[in-house]
Amino acid sequence: MNPVIDLLTRYSDQVLVGIVGGFVGAVLTTVFRYIHGWFQAGRYRDADFHITATYYVPLELEPGISGQMDPAQLEGKTHVQKIIWLGQEVTLDEFISNTYILREIKSAMNDTKNAGLLLGLLAERAERPLLKKILGYHSAIPANDIVRAYKDYAGVDAAGLVNGIAPPTHEHYSNSPHRRVLRAMFIADRQLNEGLPPKDKIVFPQESQAHRYETLNTLIEDYRKNSERYDRCRAYF
């Protein structure tokens, strides 16, 4: 059924207009596209790309959190998890126009579990241009208040740039519905050096995002074991 809807949506403007005429065909085309969008949203089928950063702010610097959480939830907590997108999300096939590389990436995404690190799952001729594309996309990160707040947390060099790694990942934890998103998971040098606060001391405003902690921890531990593996993932903005 779903492939039929996909096919009808792709050619509905031609097929339906040819069968029933202009106005009615246009109405039916709109209906088919709406149904198609509904199916796509429910299946999380379309893959997207964005750069994300996750950090843990001391609770005393986030006084507003106490008004949003039950006092029992805050007992003994020291930090709150914050997740931001560093720039605009784009469709994966817009981000990667090469058909071969796109196919390799989607295949690797299907193979990932849990933290979903894609390094090593791609053929060299696909991984190399993907990493170059990710690093280049960092130049499009805006200099807005959210990014400046993150830089204040992460620390910057003499040129005002925050440095770190941005490995490609596709988080895919069991029983945790995620859209098909390829993320450049930016991790600042400060986090690589200091590590993360204990998980039981962290407030997660959205429990569905608590898996992000495991993802970061996995990547940081792997980086410490073999930092050379991430040399081509070094990024700054």
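Preceding this section is the structure that the text describes.
The structure contained in this document is the topic of the report that follows.

Analysis parameters
Residues numbered from 1 in each chain as written. Predicted model: local features only at pLDDT ≥ 70, side-chain atom pairs only at ≥ 80, totals over all residues. Heavy atoms only, no water. Helix = DSSP H or I, 4+ residues; strand = E, 2+ residues; numbered from the N terminus. Expected span 1.5 Å × (residues − 1). Buried < 20%, exposed > 50% of the residue type's maximum accessible area, 1.4 Å probe, protein only. Arc of directions from axis to C-beta. Contact = heavy atoms within 4.5 Å. Core = buried A, V, L, I, M, F, W, Y, C linked by side-chain atoms within 4.5 Å. Phe/Tyr/Trp six-rings, centres within 6.5 Å; stacked < 30°, edge-to-face > 60°. Lys NZ or Arg CZ within 6 Å of the ring centre and 35° of its normal. Salt bridge = Lys/Arg side-chain N within 4 Å of Asp/Glu carboxyl O.

The first and last C-alpha atoms of helix 6 (residues 124–137) sit 20 Å apart over 14 residues, in line with the 20 Å expected at 1.5 Å per residue. For helix 6, the full list of buried residues reads Ala-126, Glu-127, Leu-130, Leu-131, Ile-134 and Tyr-137. Down the axis of helix 6, the sector holding all buried residues measures 125°, keeping them to one side. Away from the buried face of helix 6 by more than 90 degrees, exposed residues Arg-125 and Lys-132 are located. Contacts from the buried residues of helix 6 go to strand 1 (48–58), strand 3 (90–91), helix 4 (92–95), helix 5 (99–111), strand 5 (168–169) and strand 6 (181–188).

Turning our eyes to something else, we now look at the nonpolar core. Core analysis: the largest hydrophobic core is formed by 41 residues, its most contacted members being Phe-49, Leu-86, Leu-92, Phe-95, Ile-105, Tyr-150 and Phe-186. Elements that contribute at least two residues to this core include exactly strand 1, strand 2 (79–85), helix 4, helix 5, helix 6, helix 7 (145–154) and strand 6. In terms of nonpolar packing, the next biggest core, distinct from the first, is built from 19 residues, Tyr-56, Leu-196, Ile-202 and Leu-219 among them.

Bringing unusual backbone geometry into the picture now. The phi dihedral of Asn-114 falls on the positive side, at around 55°, and the residue is not glycine. Within the secondary structure, Asn-114 is located in the loop between helix 5 and helix 6. Residue Asn-114 is classed as partly exposed on the basis of its relative accessible area, which comes to 41%.

Right, let's get into the packing of aromatic side chains. With the rule as written, the count across this model stands at eleven aromatic pairs. Ring centres 5.4 Å apart and planes at 75° place the aromatic pair Phe-49 and Tyr-137 in the edge-to-face group. Within this pair, whereas Phe-49 is found in strand 1, its partner Tyr-137 is found in helix 6, the two being separated by 88 residues in sequence. A ring pair is formed by Tyr-55 and Tyr-153, whose centres lie 4.8 Å apart and whose planes are at 40°; its orientation type is tilted. Taken as a pair, Tyr-55 in strand 1 and Tyr-153 in helix 7 lie far apart in primary sequence, 98 residues in all. Residue Tyr-153 is classed as buried on the basis of its relative accessible area, which comes to 17%. Positioned above the aromatic ring of Phe-95 is the side chain of Lys-133, whose terminal nitrogen or guanidinium carbon lies 5.9 Å from the ring centre. Lying across the ring of Tyr-153, Arg-190 places its NZ or CZ 4.4 Å from the centre.

Turning next to helix 9 (residues 211–225). The first and last C-alpha atoms of helix 9 sit 22 Å apart over 15 residues, in line with the 21 Å expected at 1.5 Å per residue. Arg-212, Tyr-213, Thr-215, Leu-216, Leu-219, Ile-220 and Tyr-223 are the residues of helix 9 that are buried. Each buried residue of helix 9 sits inside an arc of 165° when the element is viewed along its axis, so together they form one side.

Turning our eyes to something else, we now look at the pattern of salt bridges. Applying the stated criterion across every chain yields a total of eleven salt bridges. Salt-bridge contacts for Arg-183 lead to Glu-171; the nearest nitrogen and oxygen are separated by 3.1 Å. Note that Arg-183 is positioned in strand 6 and Glu-171 in the loop between strand 5 and strand 6, a separation of twelve residues in sequence. On the accessibility criterion, Arg-183 (10% relative accessible area) is buried.

Remember, this is a structural readout, not a statement about activity or role.
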